[in-house]
Amino acid sequence: MATRAFQRLPTAPAGRILALRLVAIALSLCIIAGVLALSGHSPGMLAELILRSTLGSRFGLEDLMLFMCPLLLTGAAVTVCGTIGLWNIGAEGQFYAGAIAATGVALGLHGPVLIMLPLMTIAGILGGMAWITVPTLARAYAGVNEIITTLLLNFIASLLTYYLTTGPWRDRISGAQVSTQRLSVSIPEMWGIVHWGFPVAIVIVVGLALILSRTRWGYEIRIGGANPEAARYAGIPVRLRIISVMLLSGGLAGLAGMFEVAGTVHRLQGGMANNFGYLGIVVAVLARGSCLNVIPAALLMALILDSGIVMQTQQLSASVILAITGLILFMIAIGDELAHYRPVATKPAKGKAS
Amino acid sequence: MIMLLTGMLATAVLAGGVLALAALGEVLAERVGVTNLGVEGLMALGAVTAVMTVSTMHSPWVGLLVAIMVGAVGGMVFAFGAVVMRANQVLCGLATTFMGLGLSTALGHSYAGQPVETTFGHVSIPLLSSIPIIGPALFGQNILIIPIYVLLPLAAHFIMFRTRHGLNMRAVGENPAAADAAGIPVMAMRFWYVTLGGAMAGMAGGYLTLTYVPVWSEGMVAGRGWIALALVIFAGYRPVIVTLSALLFGLVTALSFVGQAHNWPIDPAFLNMLPYIGTMAFIIVPVVVWHRMRRVMAAPAALAQPYYRDVR
């Protein structure tokens, strides 16, 4: 080989990653602006409109927080799973499972809010955990690829939600389509339409960051992800850690579903997961394995979702948001890889096998 | 009974074709060491562009060709990230799926729900199509059945296991460093086979809207891309077995149709879950029941690992 101008580092410096990510996002925005301009929209006007109605208005800010709440939890769900080197692509399904379980409690039991909310929370967490059980056991005991098993369960959960909201749990009072009746219990609101689930989600994310970085369990998880062989050699029960992490991940996504049902939507609806599970993957990627980073990452993702609402008012279909997210994810994946390269002074090549 | 079997097999063959195409394409990509999780998105793009094309061109062949080309371009975009830039394959694949699903919905907005008028019509091959049970299924449906189930998998099998090129190709997936040392162009091999896999995913989408479900609607691919990915694992990355398992899978789909047609006392929502539950069982049960399976059906050794010439 000729003299190499670049050298690949095993770990990329954080500053370089941040810089390249900003470039990646800027590049994505340029592409999006170009496409919008070509299809007859004015990108400048649209950008101004988006900024004014997201960050510049009280309603926009409230929406932003409502979007952030599930994203924080699904993002954390994918992040903790990623710590041990596994992909939980099924947060969407666990979200539904948690929502279904919480709705089941709300429809089936009656009691004071102080008892009902904790019960629904527990049901939501258990629902999410139950939904990831099969992929967890298959992964831990048979080495079955968790990406595909967790993902397939999303479709089953979505069909189950559809069945429940059109069948046994359908709304018999106001006749809303693909929806249950309005639940009698809801999470109290703290600021406008923002409910208390939002600060709780932030506390959970910060708590997880502490657990992962400060406890023995967290340490073992990180080692298990970095080098499973070494972890096993050091006597860490990797299989048990995989099980506990995946169940935790499912529980977090289930909790997101419960918050959404009890705090934001107030009923179980078909399609209510709104891609939060899949976008959780994007949040986790942006967060690069750190739970604290989940907070700014969820903020960015919520901003994108929030601007989706504005785009809908401008005759752009809501699905454009999914494409835009995909583009940003793609650019960031490339940017992260490029961040590993360091320019080196071109010296006369010493050895070809270096 | 014969009627029922004939009908079921016909549906199975028709439905399995979508999976057979996408899964065969993915076998090619994974054999050279690249997992393309973008299949679902590329299928959606193929499906919608086929519908858009036939609505103006009125030729199913042109529609299919456009779907193939769109799939190939999408495959190239993915390959640019995952092979050329060597970015994380899982992320690039998910991003491709997001882009494909989002773009296809945006593009197909004004076509949603309208029946596609130009499709691949019924073709009956004389004599062969009158064979009881299997005749109507294989030789009495559309012209694409034989290429999908016989020609393509056999060609892929022959190239992969009987030619020097196939040996090189598998070497790239098993040990890219050794392949590189032997003078095989690792990057080019990966790039073009991923592109080919993308083209086949696009074709699978086009086949879906031009034969099996001739209408575009959002979310109509409904996880078929992910099922195809699971079939590749189930079939141990072998072209002929993957095609047969796609057919087996078509049977599971046909079962849910038969159930709905005969008013089985099961809610359609649960019958619609069958393919997903079936896929779960497909990839979990064999490994649990038969441990040796794990070695026989092992993935290519360098699967999902980017190749750096200068990093050891």
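Residues numbered from 1 in each chain as written. Chains lettered and ligands numbered in written order. Predicted model: local features only at pLDDT ≥ 70, side-chain atom pairs only at ≥ 80, totals over all residues.

Labelled according to an unreviewed UniProt entry, chain B appears under the name ABC transporter permease, originating from Komagataeibacter xylinus. Recorded under Subcellular location (unreviewed entry), the UniProt text for chain B is reproduced unchanged: "Cell membrane". (UniProt positions renumbered as here; feature names shortened; annotations may be inferred.)

Looking up chain A in an unreviewed UniProt entry gives the name ABC transporter permease, with the organism given as Komagataeibacter xylinus. In its Subcellular location (unreviewed entry) section, UniProt records this for chain A: "Cell membrane".

1. Let's talk about the overall build of chain A
The helix and strand tally for chain A stands at 13 helices and four strands. Its C-alpha atoms give chain A a radius of gyration of 22 Å, within 12% of the compact-globule value 20 Å for 354 residues. Counting over 354 residues, chain A shows a buried share of 47%. (Helix = DSSP H or I, 4+ residues; strand = E, 2+ residues; numbered from the N terminus. Rg over C-alpha atoms; globule rule 2.2 N^0.38 Å. Buried ≥ 20, exposed ≤ 12 C-beta atoms within 10 Å, placed from the backbone.)

2. Points about the overall build of chain B
What chain B contains, in helices and strands, is 13 helices and zero strands. Against the 2.2 N^0.38 benchmark of 20 Å for 312 residues, chain B shows a C-alpha radius of gyration of 19 Å, consistent with a compact globule. The principal-axis extent of the C-alpha atoms belonging to chain B is close to 60 × 45 × 40 Å. Per-residue burial for chain B yields a buried fraction of 53% across its 312 residues. In chain B, the proportion of contacts linking residues at least 24 apart, taken out of those at least 6 apart, comes to 79%. (Contact = placed C-beta atoms within 7 Å.)

3. Here we look at the packing of helix 3 (residues 58-83) of chain A against helix 11 (residues 276-287) of chain A
All names here are of chain A. Two numbers describe how helix 3 lies on helix 11: the axes approach to 7 Å, and their chain directions differ by 60°. The orientation of helix 3 relative to helix 11 falls into the category oblique. Our pair here, helix 3 against helix 11, has a crossing hand that is right-handed. For the pair formed by helix 3 and helix 11, the contact residues are Pro-70, Leu-71, Thr-74, Gly-75, Ala-77, Val-78, Thr-79 and Gly-82 on the first element and Phe-276, Gly-277, Leu-279, Gly-280, Ile-281, Val-283, Ala-284 and Ala-287 on the second. (Axes fitted to C-alpha atoms, helices over the stretch in contact; angles between N-to-C directions. Parallel < 35°, antiparallel > 145°, perpendicular 65-115°, else oblique. Left-handed = near helix turned anticlockwise from the far one by under 90°.)

4. Re the environment of Gly111(A)
Residue and element names in this part refer to chain A. On the secondary structure map, Gly-111 appears in the loop between helix 4 (91-108) and helix 5 (113-142). Taking the C-beta count within 10 Å as the criterion, Gly-111 has 11 such neighbours and is therefore assigned exposed. The spatial distance from the C-alpha of Gly-111 to the C-alpha of Val-185 is 9.2 Å, given a sequence separation of 74 residues.

5. A look at the interface of chain A and chain B
Contacts between the two partners involve 36 residues from chain A, matched on the other side by 42 residues from chain B. Breaking the side of chain A that touches chain B down by element, the ones donating at least two residues are helix 5, helix 6 (146-166), helix 11 and helix 13 (320-338) of chain A. With 13 residues, the single largest contributor to the side of chain A that touches chain B is helix 13 of chain A.

6. Remarks on the nonpolar core
In this structure, Leu72(A), Val283(A), Leu329(A), Ala22(B), Ala23(B) and Leu231(B) are the most contacted members of the largest nonpolar core, which totals 211 residues. In contact with Leu231(B), not counting residues within four places along its chain, are Leu19(B), Ala23(B), Val242(B), Ser245(B), Ala246(B) and Phe249(B). (Core = buried A, V, L, I, M, F, W, Y, C linked by C-beta atoms within 7 Å.)

7. What about the packing of helix 5 of chain A against helix 6 of chain A?
Residues and elements named next belong to chain A. It is at 9 Å that the axes of helix 5 and helix 6 come closest, and there the two elements cross at 160°. When the interaxial angle is binned, helix 5 and helix 6 end up roughly antiparallel. The way helix 5 lies across helix 6 gives a crossing that is right-handed. Between helix 5 and helix 6, the residues in contact are Trp-131, Ile-132, Val-134, Pro-135, Ala-138 and Arg-139 and Glu-146, Thr-149, Thr-150, Leu-153 and Ala-157, respectively. Taken together, the residues of the contact of helix 5 with helix 6 sort by class into seven nonpolar, two polar and two charged. (Nonpolar A, V, L, I, M, F, W, Y, C, P; charged D, E, K, R; others polar.)

8. A closer look at helix 5 of chain A
Its 30 residues place the ends of helix 5 of chain A 43 Å apart at the C-alpha level, agreeing with the 44 Å of an ideal helix rising 1.5 Å per residue. Its axis deflected by about 45° at Thr133(A), helix 5 of chain A carries its strongest bend there, up to four residues before the proline Pro135(A). (Expected span 1.5 Å × (residues − 1). Bend = angle between axes of the 7 residues up to and from the residue.)

9. Some remarks on helix 4 of chain A
Helical geometry note: an α-helix holds 3.6 residues per turn, so side chains three or four residues apart project in the same direction. Taking 1.5 Å per residue as the helical rise, helix 4 of chain A with its 18 residues ought to reach 26 Å, and the 25 Å between its terminal C-alpha atoms agrees with that figure. Of all 18 residues in helix 4 of chain A, 15 are buried; the element is thus mostly enclosed.

10. Structural notes on unusual backbone geometry
Residue and element names in this part refer to chain A. We note that Asn-274 has phi near 55°; this positive angle belongs to a residue other than glycine. Within the element layout of this structure, Asn-274 appears in the loop between helix 10 (238-265) and helix 11. Under the C-beta neighbour-count criterion, Asn-274 is labelled partly exposed, with 17 such atoms within 10 Å. The phi torsion at Arg-288 lies on the positive side, around 50°, for a residue other than glycine. Turning to its location among the elements, Arg-288 is positioned in the loop between helix 11 and helix 12 (294-313). A count of 18 C-beta atoms within 10 Å places Arg-288 in the partly exposed class.

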